[in-house]
Amino acid sequence: MTDFALARRNMVEGQLRPNRVNDAGLLAALGELPRERFLPAALRSVAYADDDVPLGNGRFMMEPMVLARLIQVLQPQGDDKAMVVAAGRGYGAAILARLAKSVVAVEADAGLAEGARQVLADLGVTGVQQVAGEAAHGAAALGPYDIVLIEGAVHEVPKAIADQLAEGGRLATVVADPSGALGVAHLFVKQGGVVSGRPLFDAGTPPLPGFARPERFTF
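Thresholds applied
Residues numbered from 1 in each chain as written. Predicted model: local features only at pLDDT ≥ 70, side-chain atom pairs only at ≥ 80, totals over all residues. Heavy atoms only, no water. Core = buried A, V, L, I, M, F, W, Y, C linked by side-chain atoms within 4.5 Å. Buried < 20%, exposed > 50% of the residue type's maximum accessible area, 1.4 Å probe, protein only. Contact = heavy atoms within 4.5 Å. Pairing = 2+ DSSP bridges. Helix = DSSP H or I, 4+ residues; strand = E, 2+ residues; numbered from the N terminus. Axes fitted to C-alpha atoms, helices over the stretch in contact; angles between N-to-C directions. Polar contact = N/O pair within 3.5 Å; in protein donor to acceptor, adjacent residues only side chain to side chain. Parallel < 35°, antiparallel > 145°, perpendicular 65-115°, else oblique. Left-handed = near helix turned anticlockwise from the far one by under 90°. Nonpolar A, V, L, I, M, F, W, Y, C, P; charged D, E, K, R; others polar. Expected span 1.5 Å × (residues − 1). Arc of directions from axis to C-beta.

Remarks on the nonpolar core
Inside soluble globular proteins, nonpolar side chains tend to come together where they are buried.
Now for step 1: Residues L16, Y91 and I95 are the most contacted members of the largest nonpolar core, which totals 50 residues.
Now for step 2: Discounting residues that sit within four places of it in the chain, I95 has contacts with L26, A29, L30, L33, L67 and I71.
Now for step 3: Within the second largest apolar cluster, 22 residues are counted, among which are V148, V157, L171 and F188.

With respect to the sheet that holds strand β5 (residues 128–132)
Now for step 1: In space, the 7 strands of this open sheet follow the order β5-β4-β3-β6-β7-β8-β9, with mixed pairing throughout. With one partner strand each, in any of the chains shown, β5 and β9 (194–203) form the two edges of the open sheet. Here the strands of the sheet are splayed against their neighbours by 15° on average, with no regard to which way each runs.
Now for step 2: Here strand β8 (residues 183–191) pairs with β9 via 9 bridges, running antiparallel. The partner of G183 across the bridge, within β9, is A203.
Now for step 3: Running over the sheet, helix α3 (residues 64–74) touches β6 (145–154), β7 (165–175), β8 and β9 and is turned about 160° from β7.
Now for step 4: On the sheet, helix α5 (residues 110–122) packs against β4 (102–107) and β5 and is oriented at approximately 165° with respect to β5.

Topic: the side chain of H186
Now for step 1: In this structure, H186 sits in strand β8.
Now for step 2: Among the residues examined, H186 registers a relative accessible area of 14% and is labelled buried.
Now for step 3: Looking at H186, its side chain comes within polar contact range of the main-chain oxygen of V184, at 2.9 Å.

As for the packing of helix α1 (residues 4–16) against helix α2 (residues 24–32)
Now for step 1: Direction vectors running N to C along α1 and α2 enclose 140°, while the axes themselves pass 8 Å from each other. Accordingly, the angle class assigned to the pair α1 and α2 is oblique. Classified by chirality, the crossing of α2 by α1 is right-handed. Packed against α1, whose contacting residues are R8, M11, V12 and L16, the element α2 presents L27, L30, G31 and E32 at the interface.
Now for step 2: Partitioned by chemical class, the residues of the contact of α1 with α2 number 5 nonpolar, 1 polar and 2 charged.

Overview of the pairing of β7
Now for step 1: Of all 11 residues that make up β7, 9 are buried, and the element is covered over most of its length.
Now for step 2: In this sheet, β7 lies alongside β6 in parallel orientation, the contact comprising 6 bridges. Directly across from L149, in β7, lies its bridge partner A172.
Now for step 3: Of the strand pairs in this sheet, β7 and β8 are connected by 6 bridges, and their pairing is antiparallel. Along β8, the bridge assignment pairs L171 with F188.

Things to note about α5
Now for step 1: Over its 13 residues, α5 extends 18 Å from the first C-alpha to the last, a length consistent with the 18 Å expected when each residue adds 1.5 Å.
Now for step 2: Buried within α5 we find L112, A113, G115, A116, V119 and L120. Seen from one end, α5 has its buried residues packed into an arc of 160°, which puts them on one side. The exposed set on the far side of α5, more than 90 degrees from its buried face, consists of A110, A121 and D122.
Now for step 3: Those residues of α5 hidden inside the fold are in contact with β1 (53–56), β2 (59–61), α4 (91–97), β4 and β5.
Now for step 4: Where α5 begins, the side chain of D109 points an oxygen toward the backbone nitrogen of G111, at a separation of 2.9 Å.
Now for step 5: Residue G124 follows α5 closely and has a positive phi angle near 70°.

Just distances and angles here, no functional claims.
So this is what it looks like as structure tokens:
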């Protein structure tokens, strides 16, 4: 039987800290949340692997190190309103719920969304509002957002999502390489109404379905 508590400690000490994840609040959340509970029972044994976990239908649970670094660069604050795009089974949303004021979790896959609803309720996670809808559209009616996490790789950030950032808002995701090479994690910031981005680190995160040809924006 897998010792998940030990696996979680090993994730923090062996995968996250050596890869520049050093925010105390984030590490505490990652060290306490049972990542395995956000996966179907058949996949829980690989919950703490240093890799993306396939969920079916082209969807994945993001590699712990990549997810942690994306959240860290967003610098979530206690009064931030956050949106998680392609929230899957809710792990990223649950982490942000511990670090931000509120979280809107957007998910189109009904099976994944139901899995998220159940585990968030079972774990007593509060502050997460689930929204059923196409990930590339975000949830404009509930915005604007101080921070946005796209939980997967995209070829481009859709203008519809960039427009939902508040002034000074931050967005983090992995931008996929069209050639199939490693993607690059990016941080985008909205200043003076203009969204601009900068590269952070290489990441092999699989591209999300539904983001093939998003509307462009200039950055």
